Amino acid sequence: MRDYWNNVEVKDEDALKDQVIAVIQKAKPLSYSEMQELRNASTLCDRSHFQYTVKRIADRAGEAYPEELDIVMEDPDFDVRVSFMNDVVKAVDDMPIKPRVHR
């Protein structure tokens, strides 16, 4: 994962995911709106909303915001951002919602 605008890279993607997940897990139980915000942000690839929600959760839990999260969210590869957000949401979601399929 790389932020080409600022020419920086994430040192360890898996460690960063674990760090974000740990921050969210420490803040549990999440309110319905907090979890829904994370779900919506990952589904819509709304990176700024995802960052804001993680920041708000970290502040509430008294944890430090994972600074390298900004690097991931600036990666120019859409799939990298989406898969990162989806992986985090899947790990912390106690009541996953099935994807809607229109037929």
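As a reminder, the structure under discussion sits directly above these lines.
The notes below deal with the structure included here. Since the structure is predicted, the reported quantities are computational estimates derived from the model, not experimental observations. (Residues numbered from 1 in each chain as written. Predicted model: local features only at pLDDT ≥ 70, side-chain atom pairs only at ≥ 80, totals over all residues. Heavy atoms only, no water.)

It is worth spelling out the pattern of salt bridges at this point. A full pass over the atoms with the stated rule returns eight salt bridges. Among the ionic pairs, arginine 39 bridges to aspartate 93, the shortest N-O distance being 2.8 Å. Taken together, the residues span a long stretch of sequence, with arginine 39 in helix α2 (residues 32-44) and aspartate 93 in the segment after α5 (78-92) at a distance of 54 residues. The exposure class of arginine 39 is buried, given its relative accessible area of 12%. (Salt bridge = Lys/Arg side-chain N within 4 Å of Asp/Glu carboxyl O. Helix = DSSP H or I, 4+ residues; strand = E, 2+ residues; numbered from the N terminus. Buried < 20%, exposed > 50% of the residue type's maximum accessible area, 1.4 Å probe, protein only.)

Right, let's get into the environment of alanine 27. Examined against the element boundaries, alanine 27 turns out to sit in the loop between α1 (13-26) and α2. By relative accessible area, alanine 27 is classed as buried at 5%. Considered as a pair, alanine 27 and aspartate 59 are 32 residues apart in the sequence and their alpha carbons are 9.1 Å apart. Apart from the residues lying within four places of it in its own chain, the contact partners of alanine 27 are Ile57, Arg60 and Ala61. (Contact = heavy atoms within 4.5 Å.)

What follows concerns the layout of surface pockets. Of the pockets and cavities examined, the second largest pocket occupies roughly 210 Å³. What lines the second largest pocket is Lys28, Pro29, Leu30, Ser31, Tyr32, Met35, Arg39, Val92, Asp93, Asp94, Met95 and Ile97. Of the residues forming the lining of the second largest pocket, the biggest block, three residues, is contributed by α2. Here the lining of the second largest pocket is composed, by residue class, of seven nonpolar, one polar and four charged. (1 Å grid on protein atoms, 1.4 Å probe; cavity = no way out; pocket = protein on both sides within 12 Å on 5 of 7 lines; lining within 4 Å. Points joined across faces, edges and corners; volume = space filled by probe spheres on them. Nonpolar A, V, L, I, M, F, W, Y, C, P; charged D, E, K, R; others polar.)

If you look at the biggest cluster of nonpolar residues, it comprises 26 residues, and the most contacted ones within it are Val20, Ile24, Leu38, Phe50, Val54, Leu69 and Phe84. Counting residues per element, this core draws most heavily on α5, which supplies six residues. Setting aside residues up to four positions removed in sequence, leucine 38 forms contacts with Ile24, Leu30, Phe50, Thr53, Val54, Ile57 and Val89. (Core = buried A, V, L, I, M, F, W, Y, C linked by side-chain atoms within 4.5 Å.)

Bringing unusual backbone geometry into the picture now. If a residue is not glycine, its phi is most likely negative; likewise, a peptide bond is most likely trans. A cis amide bond, omega 5 degrees, links lysine 28 with the succeeding residue proline 29. For proline 29, the location among the structural elements is in the loop between α1 and α2. In this structure, cysteine 45 is a non-glycine residue whose phi angle is positive, near 50 degrees. Mapped onto the elements of the fold, cysteine 45 is located in the loop between α2 and α3 (47-61).

Okay, the environment of glutamate 63 next. On the secondary structure map, glutamate 63 appears in the loop between α3 and α4 (69-73). Between the alpha carbons of glutamate 63 and valine 23 there is a distance of 6.5 Å; along the sequence they are 40 residues apart. Ignoring sequence-local partners within four residues, the contact set of glutamate 63 consists of Val23, Lys26 and Ala58. Within polar-contact distance, the side chain of glutamate 63 engages the side chain of lysine 26 at 2.7 Å. (Polar contact = N/O pair within 3.5 Å; in protein donor to acceptor, adjacent residues only side chain to side chain.)

The analysis is restricted to geometry; functional conclusions fall outside its scope.
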